[in-house]
Structure formats: structure tokens, C-alpha cells
Amino acid sequence: MNKDNNRPNENRKRSTDFKARGEPALWLLGGTLTIGLLMIFGFLTLIIYNGLSTFYPRPIEVLRLADGSKIAGEFIRSEKFKPEPDKIASLPEAAKKELADNKGYLKRLLFKTGNFDLYHEDYKWAPDFEIVERSRPEDMIYVKRIEWGPFIGKIVSLDMDGTTVGVSNLSLAELKEAHREAEKRRRRIQEIERGQLAAVNYYMDRNRLALRKVELKQGKESQAYVNASENFKTEQEKLEKRYNELSNEAASLRQVDSKYTITLVDVAGKEKTNKISDIVEFYPTNQLSLGQKIKIYLAGWSEFLTEEPREANTEGGVLPAIFGTFCMTVLMSIFVAPFGVVAALYLREYAKQGQLVSVIRICVNNLAGVPSIVYGVFGLGFFAYVFGVSIDELFFPERFPNPTFGTGGILWASLTLALLTVPVVIVATEESLAAVPQSMREGSLACGASKWQTIKRIVLPRAMPGVMTGLILAMARGAGEVAPLMLVGVVKMAPELPIDSFYPYVHLERSFMHLGFHIFDLAFQSRNSEAAIPMVFVTTLLLITLVFVMNIVSIIVRNRLKRKFFAGHF
Amino acid sequence: MGNPGARSRKKTRKWVLIADKIADKAITIGGVLVIAAVMTMTVYLIYVVVPLFKGGEVLSVKQYNEPIDPSDIVNLTLDEHGALAVAVSKTGKVDIWHAGTGTPLKSLYFDFGAKHLTSVGKTIDNNSIAFGFSDGTLRLAEIVFRNDIISEDSAPQGLSGLDDQDKTDGDTIFSKIPGKGLRKVDVELNLQPEIRVSESGRPIVALGYRLVEFGDRPKSYLAVADSSGETHFISTETKSNMLTGAKTTEVNKSALPLPGKKVEFKFAVINDMGDQIMLADKQGRVFRYDVRNESEPKLAEVLDLLPADRELTVFDTLLGGRSIVVGDSLGGLSIYFLIRRDDAQSTDGLTMVRTREFAPLDSSVTGFSASQNGKSFATLDSNGSIWLIHGISQKILLKLGGTTIFARKIALSPRLESLVAIGNDGHVGFWKLSVPHPEISWRTLFGKVWYEGYPSPSFTWQSTGATDAFEPKLSLVPLIFGTLKATFYSLLFAAPLALLAAIYTSEFVPKNVHGKIKPIMEIMASLPSVVLGFVAALVLAPIVESWIGAVILAFVVAPMSLVASAYLWQLIPVRVTLRLEGLPKLILMGLAVCLGLSAAYFLGPEFEKLFFNGDLKTWLNTNQGSSQPLLFLLALPVAGVGLTYAISRTIGTRLNIWLRSFRDPYGPLLDMLRWLAVVLATIVISYLSSFLLSWLGLDPRGSIFGTYIQRNTLVVGFAMGFAVIPIIYTLAEDALAAVPDQLRSASLGCGATNWQTAMWVVLPTAISGVFSAIMIGMGRAVGETMIVVMATGNTPVLDLNIFSGLRALSANIAVELPEAPKDGTLYRTLFMTGLVLFAMTFFINTLAEIVRQRFRKKALKL
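Residues numbered from 1 in each chain as written. Chains lettered and ligands numbered in written order. Predicted model: local features only at pLDDT ≥ 70, side-chain atom pairs only at ≥ 80, totals over all residues.

S.K.: A description of the overall build of chain A should follow, citing residues and the corresponding values.
M.R.: A tally of helices and strands in chain A yields 16 helices and 13 strands. Taken over C-alpha atoms, the radius of gyration comes to 32 Å for chain A, far larger than the 25 Å a tight globule of 570 residues would show. Its C-alpha atoms give chain A principal-axis dimensions of roughly 110 × 90 × 45 Å. Classification of the 570 residues of chain A by burial places 37% in the buried group. Taking the intrachain contacts of chain A between residues at least 6 apart in sequence as the baseline, contacts between residues at least 24 apart amount to 72%. (Helix = DSSP H or I, 4+ residues; strand = E, 2+ residues; numbered from the N terminus. Rg over C-alpha atoms; globule rule 2.2 N^0.38 Å. Buried ≥ 20, exposed ≤ 12 C-beta atoms within 10 Å, placed from the backbone. Contact = placed C-beta atoms within 7 Å.)

Encoded structure:
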């Protein structure tokens, strides 16, 4: 570091040129680096901590406030806040003292109180000075429900088809048994309504469209139309009969189901009667052992990963979003891989290297930096409104005026993202093609191989890891991109998945859900952003894990490639 | 060549040749296609945008004769679809004909009795008319177009065809409509009983008529002037009895105060709310009456609109009634608004202001017809030419000429799809028009425009409004400004941070640590921006809001604590520090940063109390208290840098040599004292200068600082900075690493320290690469969408305030495009914003790329 000190000599007069050493500046430089690293670690810690802790059952606390009222809920966090200047005068003495001690800040605690149906809020701030007592009663129960979010309180009684059982005569096992039964009924109703009835509806709609197609093609007077409409009528009758049967079954099941109810009471004494089947899960949090808590925690994750969302996406799972993201990314890779590689092969191996090619190269490089939203604009205008509308006119006239391909959908979304990422793949492929030593090509050609044989057998295999890196990077970018998707087919709640059991099985025209958009939607469009935040964190964790894993894989692949190159160089 | 027989046996197999050919063709064609497809994007964007700048287009012109004299006609109108033309004559005769062919249909009459028509007032659609008579009475009338959709089968027999679309049965028109059906268009007249205005029976000379909807009850307002100059304000309201359904009409009449001397009024106009009446005479003198209180009208203002050599020929309103069009005898055409002005010479503080002036017509403006679809209008000059003009863009959309018609009367169809004109000798022209985007011009996109209800011309973006009469305000300037503001503040935060970190990583961090830091940064570059946006909006913004004092303080305290630590570090004997180089030192630096940040956290409230009366937000929002504290903070860095520079230029070297003469523990101590003295001097200088500046009245509030909003530019700066830092860092680090090692070795060999080598050898060599890194980061910031959508309030405002929101080009597209109807003006304008964004990033990236390639060439030569 210091040139004056190369030879330590005690007798020599030791002095330092501070200006040359530049220590303050060095510390500023290093400081910025540590700030950057701190930011990254802080950010990741925030996401990981909040994401991982969401499903862990927190103890339910009952608070007694100064005015005698009680609230019960899970403690979320506490924060210091500044009371509004005009409200300070009306605060109680204790608060004023606290205010004076803490430089104008007060402490308050956030509790998740649930019971949205009773109070129209499910989170509550309790100022610290108002809290008289905090306790954790053993009998408080956390009830996850299909609707209205969780209920926090106690069980009063169980009403099973007319017979009412009070809580004192009830064991947990009996409760669980009743709940299991109710859950079975719920699943059966769901199966009928979402599965079988939906299928009947789907077939009815398909028959109607088929008839309309015949009408449009052959005219209303034609023999073909008469035959088709005969057919249609008999089919439709059959389907309607089936429909009635199913809906009757569902209705009767519902009727039975509505006789099994549970009455709950919250900490303030308000009662609420729910169908047992509306309960997803319930547990007395404060009695749980660590093992049980972990079980609930894991169940939370499994619900998150395998179920559909509920409650305007703020509860339940994200399976459709995972599936949508996956389908779109795969589709995108199907488009982007061959086209990107072909374009790169052309630029590097076939095109005459000259002024034009280098201009094209700069343009391609530049396109990688064009904002994604511009691609979205193009995708909407060109793919959906020009391409899609023409497809509709040619192949789906019977659905007019409803658009089929003439609006956003998974096909257009993946094409748009393919266009967005193709420059990335072209650049990466070109670089790896350029890295294959010219001598290898010459050797192959000298042995009598044709140009295509050389590329296929010699060049491409060596460039493959680089191509893969580019492709994975493109996929990671595609999976995380949201802005263009907002324009070309992503929705907050897709009723149908892009792949299902109805012919033709893959429905490329459908709109879809996406993890990134799910985050945006949850954070900004839900009724209560506080209630949505835990889900946002979990979804975020999932998304960045996905993106980071892809990136890390690409880095590993790249490092392998480098090693292989150095080993195989001659 | 040897043995030809042996060679010929070694033939290449056929399929190899074929495969080669196929691959050759496929890759060439495929490659060219892919590249072409990617390039298509630009072409397509331009293709969508170009129609915005086309004016209007005449689709077809029809000419025919009608047996009518244009000077007899008092009202000309077209139905909604431009199928029927209806002309009302002085005598009450109503001529109806098929607009496309001129085929006369049924004749109707308004029965005026024996009365002589002296004046006519009409609403914007020309269908509600007020007739004023010579005996001082008036009658309200209505032309009702009745549209019925009937199926093709139920159409009456024996229709005769008019053109390929319309048929007639002699009285009405049957038009084909898309799908299978016909639209039957019929006309009915409706004349209401007379209202006596002038008690003395003097003829009515000017009539203003307006219908205003209050809920579902229309109210008619009339301004009436008779030949003696007496004026009246009449409002009529038709109420229907809920039980019987009987309709009763209530008429309120009040006399307007006389202007003093006798005026011969020629024009009368009522504004959109029915509470202002403007009466004008031939010379262009306008008398404005304030009738907000109907029973007590007041003469609010008298104004001369025209110079003496001009006569007023057109005095009317555009759609909505807030823009008043004034045309004169020399072809001058302008629009006036009623605006509140402090210097208004009126009783109510409002005054008529000329806000838009059009390019003059060739000769006297003689006719006017306003569109009911936006703010377009048609005017007529005394040469008989017709001009189609848009009121906001001030664009001349069309000048209809090239026919033999010397137009005297014109009418636009309600949807601006056609125009009918009656010329001398009953020549009639019927134009089908296509004017898809009249409101767009370079001026409305990039210039200041004076909109209705605004006190002055402004750059405004507001694409949708509640009513038909809304003026779409499509200035791109606030959006471009928003993008640049977000980019500027995020780069202000990110560029120094990323560059300094890159220099340190490349030059001072040992190789093993380096290998770990770089991939972390690279992975961060791929972080989905939606995540950053969410964290910025829901986590960062509330924290910054409640800890704003600490955040501001951190910008001062963190660097100070680092520098202070550096001086403490110098106190440690070199033997020890050498052993601590590398990772331990980096960790110590991190500790120093943490120390600084936690100091800021703990001192934040005190700082706010001391500087901003305890609450920065109130201090900013209310403009109370002295501006000195903020000026002091702003002066600190300026004074600090200035002072350091001044010292290094003057006594710096001598001071350095003097410091070197001390033995080790004393030298560093003195150096530290020197620094403390500089800090103290900086504070004193800042204090004095801020005192002086605030005494001079300088207040940064209202410009770069101002009202605090939770989702503000500071938060966006942080979040977007976070997105941009990894990119700038990685590229800059690459550029620095590309500087060949022999340069470093040479520099070190000549006795330079690491610091000197990095600063004076490596950085200057790599500077172009570093610059290109910043440019690429800037390109990303310009186009970033999700962060700005989520972390700003998306308010399109034009202010520099770091504590207010903004709306960026990209966010604007994301917010508005899903709602914009295809091929509409907004849709194309949003494509235009996309194109602007594309052009901006393309320019920045190309610049960066060229610089980078130059740097590469230079680096290779070294």
C-alpha cells in the first residue's frame, strides 16, 4: 500500500503522504460498495423473512384497552409514529409523557384481528399507551374461512342437522370429524359446479357455435343447416337434461350442507354462525406444539402452491399464476430458441461481414435495451389487433362479435415476450459462436465436411452452453417481466387455464394469470393492502426464487463453458 | 491431377449436399426474416402514428340542385347519420331532401300564421329553434329526427332506390345498416305556443337559445333583444306531473338592464351553464350580462372585441358553450373564454379573453356551423369557400373547394361525417368527410395550449373527461418531463453509488472477494422490477415518509462517518493496517456506514426539531418558517467541495509537505485536525451563505422542494436506483477490468500508490466505457415501467419538486392503453408516446454502443 514502508526501519523517520494514500476517498469508495451490498442484503432479508414467516401460525393475543374494550388478534409489528400535530392536545397524559420522552414519536402495535364480516376491517392499530394488558388465552381459535378471511375467537356451539351441541360437550376430535365431513360435501359441490356443470356449459356453447358456423357458411335455408339444427336440438335437449340433473344434485347437496353450522363468538361477544363447510382449517394457536405449528406451516405452503386463489386473490394459492407463468415461459422459449439461434447463425456464419452486418448488430444490441412496454404496445397493436382480428375473421366468424384471438391472450403474450428476448438470445448466441475457434471450422472443412455439417457437428455443440445461457437468461427475463403483459393478455383472475381437458386441450387464445402481475394486482388493487401484503411477500419470494435459480443455473453453465474452453483449446 | 478415377469414387453423398443447401437457404431466409421481424416494430409503430397528423379527407362529393334560395333559409340541418337534409325558410316552409342525391322528400310547414319572421336562435344541433317575430313574440320549435330500426322483412313494399345504401317511399328514408336490418329515418316538426317578449310589440332582432340539462329535466334559456335595444332573459322549464303525466311549461322572464344608450343588437349567445349572456352588435361591442341570479340580472362587462375597421360577422359557441367563436368581416377568426382575472374590468371578476387566434380566412367570415363531435367547426367565407377547422389544434382540417358551388349556408352532420352546403341558385353540395383525429397537431402534442377553464396556456395531459364537451388534453410534455425527472433523480442516486463501488471492486478488493461480489450484483440486475415497485410503494414509501428527517440526515452523516473513520484509520500504524487490507477493511467500512445510518436514525427526530420546527412535512407544505435550514443543507456540499478545492489549489501542496515532516502518530493527527477545521469552516460558510440567501428572499420551496406526497420522486429515485445500480456497476466494472494490467504495473512501478494509479491511470483509460455504462443505465431508467407505475402517484404534473409524484411515458402507456379504444385518437397518441420512448432509448443506447465500441478498440491497442 504505502511505498515508504517497504523496508521497515525503526531509525528512519517515518512519514506518510496522505494525499497520495487517499484514505478518505478510498473509504468513500468502499463505503458505497458496502452500501450497495447492504441494500441488497437488506432487500433480500426483507423478502425472505416476510415471505418465509407468513404461513407460520403466530400466537393470538387478547388486549385489554384503557377504555375497557378488548381486541384479539395476531401481533404483526410495532412501529413508531408521529401523531398528527392537531391531535396531540387531546391525547391522555401517559401518551403525552411518552411523546415527550421519545422526541415526538409514539409507539403503536398492529394486530391482525380478522372478523372482517363483523367489523369491516381485519387489521387494527393499537397505540401502546392504550394497552392495559396483553394475554394469550389458551382457548382462542384461529379459523380460516373460504369467505371473509379468518375468524379469531371461540367456538360457541355446533349445529348438526338440527341437534345443537354446546362447546362444553365437544371434543376436538369430534370437531375435526364434523369438519372432515363438511369438507367432503364442499369438495363434492365444487366438483359438480366447477367440473361437471362447467363441462356441460362448455359443450352447449360449442354446439351453439358449431351451428352458427354452419349457418354462416351454408345459409339458413340450406339442407346442411336444417340437419345441423336438428342435431343441435337433440344434443341440446340431452345436455339440458344433464344440466338440470346436476344442478338439482348440487342444490340438494347445498341444502344439506347448510344445515351443518358452527357458531363462533369473538372476544367482544359478537356471535357469528358459519357453515362448517366454509371453514378451511381451524386450530387453537396458543395450545399448539412446535410440531403442530410446523405442520400448519407446511400445510400453508402446500395450499399456496397447489390451490386457486380466494378472496380477491388475497388468500388461497397461486397455482393458476404459477401455471400461467410456466406455460407462457415455455411457449416463449419455443418461439425464441430456434429463431434466436437461426438469426445468430445467419449473422455470424452466413452473412457477409461488412458495414451492413455491423449496423444490424448495433441495432440488435439496441433492441435489447428498448423498454419492454414498447414491445407490449407493439404486441397489442400488431399481434392482437392486426393478426388476431384477421384470424378471427377467417376462422372464427361464428364467435363474432366476441373476439377469440383478437384480444390479449397467452399466445400473443408469449410472442411479445419472444420478440422482447430474441435480441438477448441473438447476442448471447453470436458471442458463443464467435468464441468457437476459427481453426476448428477450418479443420472440419478441410476434412471434407460441408458447411452445414461443420456447423451441426462442430460449431453448435461447442456453442451450445453459451446458447443455453442466453436462453435461460431470456427465460428469466420473460418470467419476471410484467409491463408488456399488462397490455397483451394477463388478467387478475383467469376462469380457465390455458391447458385443460377439453378439445383441443391447449387454448392459446385464453388470457392467463402471471406471478409478476399477481404481485402488482395484490399490492395495488385489493381492498386492503395490509391484508394483501403477506401474500405479496410470499408470491414475491416465489418469483424471485424462480428468477434467481434460472440466473444461477445460467452462471453455472457459463462457468462450465469457460472451463471446457480452456481445457479444449489447441 | 493424379488419378481422376480414384477421386471420382470419393463422391459426397447426395443428402449431405441437399442438407447443406437446405440449411444454407433456411438459415439465410430465417435469419433475415427474424431480423426483419424485429425491425418491423419501428415501422409498425410509425404506421399507427402517422394518421394522427393527417388532416381531413373528402370521401365523396355530390352536387345537385334544389328549388330553394339560400338567402331565404334560416336554418339548415342534417340528421345524425347524414341521410336527411332539412332547410327551414323564412316563411316557415321546411324542405326535406335526401342528402346524398338531392331527391326531395315530403314538405312540411311551421305554421307562423301571418307573422313575419325577424330573427332566429338555435342550439348547437340546429334542431331546437327559437323564432322571433316582428310583433315582439317568439315561438320555440323543434325538428325531431325519428330513427327506427326495422327488419328487412317488415319494410314496406315498393321502395325506390336512391343509392346503394338508401331507399325511399317518398316521405322517409330507409338505410341499410350492418347486420340485417333497415333504419327508417323520419322527420317531425313541433312548434310551441308563442311567448310575448316585447310588451310594446317591437320586432325581435337577436335571439340566443340554449338548452341545459339539469338531471333529466331540460331547461331552455333565451336571450332576446328587440329593435329598440331592450333585452330580456327568458327561462322556460317543462315539468310533467308525476300522477297525471300532464306537462306544464313555466316561463320566467326578466328584463336585462339597459346598457345606457340605444344599441342595435345583432347576436346573442348564452354560455354552457345558462348563467352568462353575451349580446353583441355589428361593430363587435359585446355586452355581457351576469344572470346567475335570474331575477336580478346585472350588466357585468362591456367589451370591444374588434378594431374599428372590422365588423362582427360570426358570434357563436363551440360544443359545450365555453368557447366563443368570433369571426369578422376581414376573415379574422378567434376564440374567447370567460376567465377569472384579477385585473378584469367587470363587476364579477370574470372577463372575456381571446385565447386562440386562427389563421385568417381569405375574406369575410360569413357562415358557421359547430360540430357536435369535439371542437371542430366549419366556417364559410364571402368567396363561398368552406373551411373545416379544429378549435383546439387550430388545424385547418379541410378547405372544401373545387366545385361550382358558391356556398352561402352550411351545416355539419352531428358526427362530423358529412357537410351540406347550399349555394347561389339552389346549387347544393354534399360532402362525405373523414376527419378521424382533428385534435392532434404538433402544437397540441408538444406546445402550450390554452384549454377551456384554464387561466393560461399550459402543457397538460388529461385524456378523458366526464362529458362530450370535454377537451382532450394530450400534451406529451408533462410525460416526457416525468420520465426525465424520474431518470434524473434515480441516476443522481445510482450513478455515483454504482461507479464508486465499481472502482473500489475493480481496483482495491482482493480477487477472492471480487469473485463473490460480482455475481451477486449480476443476479440483482435480473430482479423483476415489479418486486422493486411493490417494495418501494408499500414498504419504502411509508418508512421514508415517517423518517424523512433521518433520510435527509443520512445523506450528510453517512459520508461524514466514512471520512471520519478514514482519518481514524490513518492513526493506526501502517504495519497493522497492511495486515487488515482487503476483507477486514471492507467490513470496517460497512460498520462505518452502519454507524452513520444509525446515527441518522437516532438523530433524525432531533434534526427535524432543530431545523424544521419538528416536522419537515408541515414545514414543506405550509411554507411557514424560514427557508434558511434547507438552504444551509444545500450549501453544505457546495461549500465543502469548494473549500477543499480551494485549499488544494492554494496551500494544499505546501500543507502536505509540512504534514509529511511530522513523525507518524503526529502527522495523521494533524491531518485529522486539518479535516476537522475544514468541516468547521464549511459549516460556518454554509451558515453564513444560507443566512444571506434567505435574507435575500431565496426559498427553495416551491421549486425543487415542495409539498410532500407519500409516493414521490425521492422514493422512485431509490427504487429505480436499485434497479439501475447493478447494470451500471457491472458494465463499469467490466470497463475498468478491461484496462490492461501492464498499465497498472507501470504506474505502481513508478512509485504511485494504488489510489493514484486507480484515479489517474485506470479511470481515465476506462472513462469512455464507464460513460457508456451510465448511458445504458439511463436507457433502462427511461424505459422502466412497473416501478414508476407503482411508486409514483401517476399524476402528470410539471414541477421539479423532489417530494411530489410524476407520470412517466411508460407508466402512462401501461395505465391508459388497456382502456383506449382501438384506432381512436388516444390509442394512436399512446402509440406516439411509445414511439417517443423508443426513440429516446434508441438514441441513448446507440450513443452508449458507439462509445463502448470506440473504448474497446482503444483498450485493444493498449
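From this point, the narrative continues.
S.K.: So, the overall build of chain B: which residues are in play, and what are the values?
M.R.: The number of helices and strands found in chain B is 19 helices and 33 strands. Taking 29 Å as the expected radius of gyration for a compact globule of 862 residues, we find that chain B reaches 38 Å, considerably beyond that expectation. In terms of overall dimensions, chain B has C-alpha extents of about 120 × 105 × 60 Å along its principal axes. Looking at the 862 residues of chain B, the share that counts as buried comes to 45%.

S.K.: Any chance you could break down the nonpolar core for me, citing the residues and the numbers?
M.R.: All names here are of chain B. Formed by 231 residues in total, the largest nonpolar core has its most connected members in Ala498, Ala536, Ala719, Ile728, Ala732 and Ile787. Not counting chain neighbours up to four residues away, the residues in contact with Ala732 comprise Ala498, Leu499, Ala502, Val770 and Ala773. Among the nonpolar cores identified, the runner-up in size contains 102 residues, and Val88, Ala370, Ala378 and Ile422 belong to it. (Core = buried A, V, L, I, M, F, W, Y, C linked by C-beta atoms within 7 Å.)

S.K.: Account for the sheet that holds strand β19 (residues 285-290) of chain B, naming residues and giving values.
M.R.: Each strand in a sheet pairs with its neighbour through backbone hydrogen bonds, running either in the same direction (parallel) or in the opposite one (antiparallel). Residue and element names in this part refer to chain B. Spatially, the four strands line up as an open sheet ordered β17-β18-β19-β20, and their pairing is antiparallel. Two strands in the sheet have a free side with no partner beyond their single neighbour: β17 (265-270) and β20 (298-304). Going across the sheet, the axis of each strand differs from the next one's by a mean of 20 degrees, ignoring polarity. As paired elements, strand β18 (residues 276-281) and β19 share five bridges and run antiparallel to each other. In the strand pairing of β19, Gln276 is matched with Asp290. (Pairing = 2+ DSSP bridges. Axes fitted to C-alpha atoms, helices over the stretch in contact; angles between N-to-C directions.)

S.K.: How would you sum up the packing of helix α7 (residues 548-571) of chain B against helix α9 (residues 583-612) of chain B? Please name residues and give values.
M.R.: All names here are of chain B. For the pair α7 and α9, the least separation of the axes is 7 Å and the interaxial angle reads 140 degrees. Classified by the angle between their axes, α7 and α9 sit oblique to one another. Two packed elements cross with a definite hand, and for α7 against α9 that hand is right-handed. The residue inventory of the contact of α7 with α9, partitioned by class, reads 18 nonpolar, five polar and one charged. (Parallel < 35°, antiparallel > 145°, perpendicular 65-115°, else oblique. Left-handed = near helix turned anticlockwise from the far one by under 90°. Nonpolar A, V, L, I, M, F, W, Y, C, P; charged D, E, K, R; others polar.)

S.K.: Tell me about the sheet that holds strand β9 (residues 160-161) of chain B, residues and numbers included.
M.R.: All names here are of chain B. The strand order across the open sheet built from seven strands is β6-β7-β8-β12-β11-β10-β9, with neighbouring strands paired in antiparallel fashion. The sheet terminates laterally at β6 (117-122) and β9, the two strands that pair on one side only. As judged from the three bridges shared by strand β10 (residues 166-168) and strand β11 (residues 173-177), these two strands associate in the antiparallel manner. Among the inter-strand pairings, Thr168 is bridged to a residue of β11, identified as Ile173.

S.K.: I'd love a proper account of the domain arrangement of chain B, names of residues and values included.
M.R.: Residue and element names in this part refer to chain B. Segmenting chain B into domains produces domain 1 (57-446) and domain 2 (477-547 + 619-623 + 707-861). A C-alpha centroid distance of 56 Å is found between domain 1 and domain 2. Each side of the interface is counted separately: domain 1 has four residues, and domain 2 has four residues. A class-by-class count of the residues in the side of domain 1 that touches domain 2 yields two nonpolar, one polar and one charged. (Domains from an automatic or database assignment.)

S.K.: So, the interface of chain A and chain B: which residues are in play, and what are the values?
M.R.: A common way to state how big an interface is: give the accessible area lost once the parts meet. At the junction of the two partners, chain A supplies 93 residues and chain B supplies 99 residues. Counting residues per element, the side of chain A that touches chain B draws most heavily on helix α2 (residues 23-53) of chain A, which supplies 19 residues.

S.K.: How would you summarise the confidence of the model for chain A if you had to cite specific residues and measurements?
M.R.: Looking at chain A, pLDDT values average 85 and 96% of them are 70 or higher. Confidence over residues 1-13 of chain A falls short of pLDDT 50; this stretch has twelve contacts with residues more than four positions distant or in other chains. (pLDDT = per-residue confidence, 0-100.)

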